[in-house]
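Each chain, letter by letter, is given below.
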Amino acid sequence: MPELPPPDTSDAATAHTPTQASPHSDTQAGATKRPAPASTGLDALSADATGAEAWAAFGAAGLLTRAYRGGEIRDGIDPDGLADLLAATDAHCSIPATLSASVQLATALPLLATGTGPAVERTLRRTLTGRATLALAATDTSAGTDLTALRTEAVLDDGWVTVTGGKEWIANTTTAEAFLVLARHHPGRHFTSFSWVLVPADAPGVSTRPAPSTLYASSGVGHVTFDAVRLDRAHLVGRVGLGLPLFARHIAVERLAGALWGVALCRRILQATRHRLADRAHSDVTLWHLPHIRQRFASCLLRVQELQALADRFAPDVARRHDTRAAAMLKAAAGTTVPYVLGECAHLWGAAGFADGGIQEVRAQAALFGIGGGATEIVLEALADSADQILGKLARPALQSELATGPRTPA
Ligand SMILES: Cc1cc2nc3c(=O)[nH]c(=O)nc-3n(C[C@H](O)[C@H](O)[C@H](O)COP(=O)(O)OP(=O)(O)OC[C@H]3O[C@@H](n4cnc5c(N)ncnc54)[C@H](O)[C@@H]3O)c2cc1C
């Protein structure tokens, strides 16, 4: 199997180098974007590759299965392999392209792998080798944060499932060979009312259009409509009625992926900003010498270290047990840390940050960390629901119980 190009961790990358106006140059906010070594088979991948192009390149190089334990998708996520893949994608590609990969690696493919049958196996095989992309279509035309209100219907009858409805703001829509669709087969909000259906993009009744977003166009983000799409029941994925429990399990991994990617992204942007500050003359020194700037930068270093520590602490719980509380913790941390760090860095770039393709654009794209896959408010609410368990785990009762037996009698 070809070697995955490691993300740049060399000290040389922090050396003082002259800077250009755009953070997409080699020495600025795009500092770790560089052509892949030829040995990886990724050499044709350019920094402005779309999500589908990046996916095809990583798939052709045989790298996508590294996200899974032993390279086998049904054995679960390998957090280190997933982190390596996300860091490599982030180093080579844009945020929209990395989003396109992250949704597939962490959620769409593992969720599809809970199914069986020829349609599922074919899509898995084609997607994991980069020959196709797969969209995960949960967010409905109703409020995305109100998942159980979704209106897309799957009507089940003898041997058939008919899908009617629509999904909005779905990554990979404009390129997908198939959609993994969360639909209701019962009215009401009960958690057993939902199921997953694998809908081929070329099935009669499927139509797509790009979302009106320059910022995320290269993720293939778009809207999809299902007009009485009739499929045989082999296209149902997982058991009927298990749609929401499966979603909860697998969105947990997407939340872990967000934290792992967030660390890689913050690191890359901080490194580029560090170069920029060290190069930017101010008085007789540079901006990097100003105490306020150094402290502001150090606060960002602290935040990204915290995110890394949380990811290290909770990755095994999410990967092995799909722990939704641990995942909420990671999502809340990434959703606040990434926008904070990128906001601080963008500010420190001054006017240059507003150049086309500059860090202000990156910052705007990265705001999705606080919205996609569960808005920050939703995951904070989940943490509040678990307040007693979280506080219980922080307790250290050993000495306290000893002290509770009363003061020792002096000898
Ligand atoms: C580029 C991009 C790619 C995406 N890719 C996918 C994909 O691949 N698959 C998919 O299924 N979806 C995808 N989405 C959709 C994404 O998951 C939703 O945008 C997200 O779940 C939020 O839903 P919404 O946009 O409908 O926000 P709304 O539900 O309209 O909420 C708007 C805001 O209201 C606030 N809010 C909402 N509910 C609460 C609450 N209970 N308490 C406090 N505040 C609240 C939050 O601040 C929230 O951001 C993508 C979105 C984008 C922009």
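Note that the structure is predicted; figures quoted are calculated from it, not measured.

Novice: Describe the overall build of the protein chain, listing the residues and the values that go with them.
Specialist: Check the secondary structure of the protein chain and you find 11 helices and 10 strands. Within the protein chain, the proportion of its 411 residues that are buried is 50%. Considering only contacts within the protein chain whose residues lie at least 6 apart along the sequence, 72% involve residues at least 24 apart.

Novice: Can you lay out the environment of Gly76 for me, pointing to particular residues and giving the numbers?
Specialist: You can see Gly76 is positioned in the loop between α1 (51–60) and α2 (79–92). With 243 residues separating them along the chain, Gly76 and Ala319 place their C-alpha atoms 6.8 Å apart. If we ignore the near neighbours within four places in the chain, the residues touching Gly76 are Tyr68, Arg69, Ala319 and Arg320.

Novice: I'd love a proper account of helix α7 (residues 324–348), names of residues and values included.
Specialist: Taking 1.5 Å of rise per residue, the 25 residues of α7 would be expected to cover 36 Å, and the 36 Å separating its terminal C-alpha atoms lies within 8% of that figure. With 18 of 25 residues buried, α7 lies mostly within the body of the structure. Just beyond α7, the residue with positive phi is Gly350, at close to 60°.

Novice: So, the site of the ligand: which residues are in play, and what are the values?
Specialist: For the ligand, the set of nearby residues contains 21 residues, the closest of which are Ala138, Thr139, Gly144, Thr145 and Glu377. Those elements giving two or more residues to the shell around the ligand turn out to be β1 (134–137), β3 (160–170) and α9 (376–385). Class assignment for the residues of the shell around the ligand results in 14 nonpolar, 6 polar and 1 charged. Taken together, domain 2 (134–241) and domain 3 (244–391) each give at least three residues to the shell around the ligand, which thus spans both.

Novice: I'd like a rundown of the nonpolar core, residues and numbers included.
Specialist: Ranked by size, the top nonpolar core spans 122 residues in total, and within it Leu180, Val197, Leu256 and Leu260 carry the most contacts. In terms of residue count, the dominant contributor to this core is helix α5 (residues 243–279) (19 residues). Those residues within four positions of Leu256 in sequence are excluded, and the remaining contacts are Pro79, Ala315, Val318, Ala319, Ala327 and Leu330.

Novice: Please provide a residue-by-residue account of unusual backbone geometry, values included.
Specialist: Its identity as a non-glycine residue notwithstanding, Ala228 has a phi of 45°, on the positive side. Position of Ala228 relative to the elements: it lies in strand β7 (residues 222–232). Here His322, not a glycine, exhibits a phi torsion of approximately 50°, which is positive. Mapped onto the elements of the fold, His322 is located in the loop between α6 (291–321) and α7. For His322, a count of 21 C-beta atoms within 10 Å translates into the label buried.

Novice: Outline the environment of Ser195, supporting the account with residue identities and numerical values.
Specialist: Along the polypeptide, Ser195 turns up in strand β5 (residues 194–200). A count of 24 C-beta atoms within 10 Å places Ser195 in the buried class. It is 7.3 Å that separates the C-alpha atoms of Ser195 and Arg239, two residues lying 44 residues apart in sequence. Look past the residues within four positions of Ser195 in its chain and what remains in contact with it is Ala154, Ala183, His185, Leu236, Val240, Gly241 and Gly243.

Novice: Talk me through the environment of His250; I want residue IDs and the actual numbers.
Specialist: Structurally, His250 can be placed in helix α5. The exposure class assigned to His250 is buried, which follows from the 25 C-beta atoms found within 10 Å. Separated by 74 residues in the primary sequence, His250 and Thr324 place their C-alpha atoms 9.3 Å from one another.

Novice: I'd like a description of the pairing of β3, backed by residues and values.
Specialist: Inspection of the sheet shows strand β2 (residues 153–157) paired to β3 by 5 bridges, in the antiparallel sense. Paired with Leu156 across the bridge in β3 is Val161. Counted between consecutive antiparallel strands, the loop separating β2 from β3 contains 2 residues, among which Gly159 sits at a positive phi close to 75°. Direction of pairing for β3 relative to β7: antiparallel, over a ladder of 8 bridges. Each bridged residue has a counterpart across the sheet, and for Gly166 the counterpart in β7 is Thr225.

Novice: I'd like a description of the packing of helix α3 (residues 95–112) against helix α4 (residues 118–128), backed by residues and values.
Specialist: Running from N to C, α3 and α4 cross one another at 155°; their axes reach a closest spacing of 10 Å. One element, α3, and the other, α4, form an angle in the roughly antiparallel class. Remark: the crossing between α3 and α4 carries left-handed chirality. Contacts between α3 and α4 involve Gln104, Leu109 and Leu112 from the former and Val120, Thr123, Leu124, Thr127 and Leu128 from the latter. Here the contact of α3 with α4 is composed, by residue class, of 5 nonpolar, 3 polar and no charged.

Novice: So, the confidence of the model for the protein chain: which residues are in play, and what are the values?
Specialist: For the protein chain, per-residue confidence averages 89 on the pLDDT scale, and residues scoring 70 or more make up 88% of the total. Contacts of residues 1–39 to residues separated by more than four positions or lying in other chains number 91 contacts, the stretch itself having pLDDT below 50.

Novice: How would you summarise the packing of α2 against α5 if you had to cite specific residues and measurements?
Specialist: In contact at an axis separation of 9 Å, α2 and α5 are set at 40° when each is read in the N-to-C sense. Between α2 and α5, the crossing angle belongs to the class labelled oblique. Once α2 is placed against α5, the crossing between them reads as right-handed. Judged by residue contacts, Pro79, Leu82, Ala83, Leu86, Ala87, Asp90 and Ala91 of α2 engage Leu256, Ala257, Leu260, Trp261, Ala264, Leu265 and Arg268 from α5. Tallied by class, residues from the contact of α2 with α5 come to 12 nonpolar, no polar and 2 charged.

Calculation notes
- For every chain, the first residue of its written sequence is number 1, and the numbers climb from 1 along that sequence.
- With the structure being a predicted model, the display of local features is reserved for residues of pLDDT at least 70 and the display and counting of side-chain atom pairs for 80 or more, all residues being used for whole-chain, interface and lining totals.
- In DSSP terms, a helix is any run of H or I states spanning at least four residues, a strand is any run of E spanning at least two, and both are numbered starting from the N terminus.
- Exposure in this text rests on C-beta crowding, where 20 or more other C-beta atoms within 10 Å of a residue's own make it buried, 12 or fewer make it exposed, and counts in between make it partly exposed. The C-beta atoms are placed from the backbone.
- Here, residues touch in the contact sense if the C-beta positions derived from the backbone fall within 7 Å of one another.
- Under the convention used throughout, the expected extent of a helix is 1.5 Å for every residue step, that is, one less than its residue count.
- Any residue whose C-beta atom, as set from the backbone, lies within 6 Å of a molecule or strand is reported as near that molecule or strand.
- Throughout, the ten residues Ala, Val, Leu, Ile, Met, Phe, Trp, Tyr, Cys and Pro are labelled nonpolar, Asp, Glu, Lys and Arg are labelled charged, and all others, Gly among them, are labelled polar.
- Domain delimitation follows an automatic or database domain assignment.
- A set of buried residues drawn from Ala, Val, Leu, Ile, Met, Phe, Trp, Tyr and Cys, joined through C-beta atoms within 7 Å, is what defines a nonpolar core.
- Each pair of strands is called paired provided DSSP finds at least two bridges between the two strands.
- The angle between two axes is taken between their N-to-C directions and runs from 0 to 180 degrees, where each axis is a line fitted to C-alpha atoms and a helix contributes only its stretch in contact.
- Oblique is the label for every angle not falling under 35 degrees (roughly parallel), over 145 degrees (roughly antiparallel), or within 65 to 115 degrees (roughly perpendicular).
- If you view the pair so one helix is near and one far, a crossing is left-handed when the near helix is turned anticlockwise from the far one by less than a right angle, and right-handed when it is turned clockwise.
- Per-residue confidence from the predictor is given as pLDDT, running between 0 and 100.

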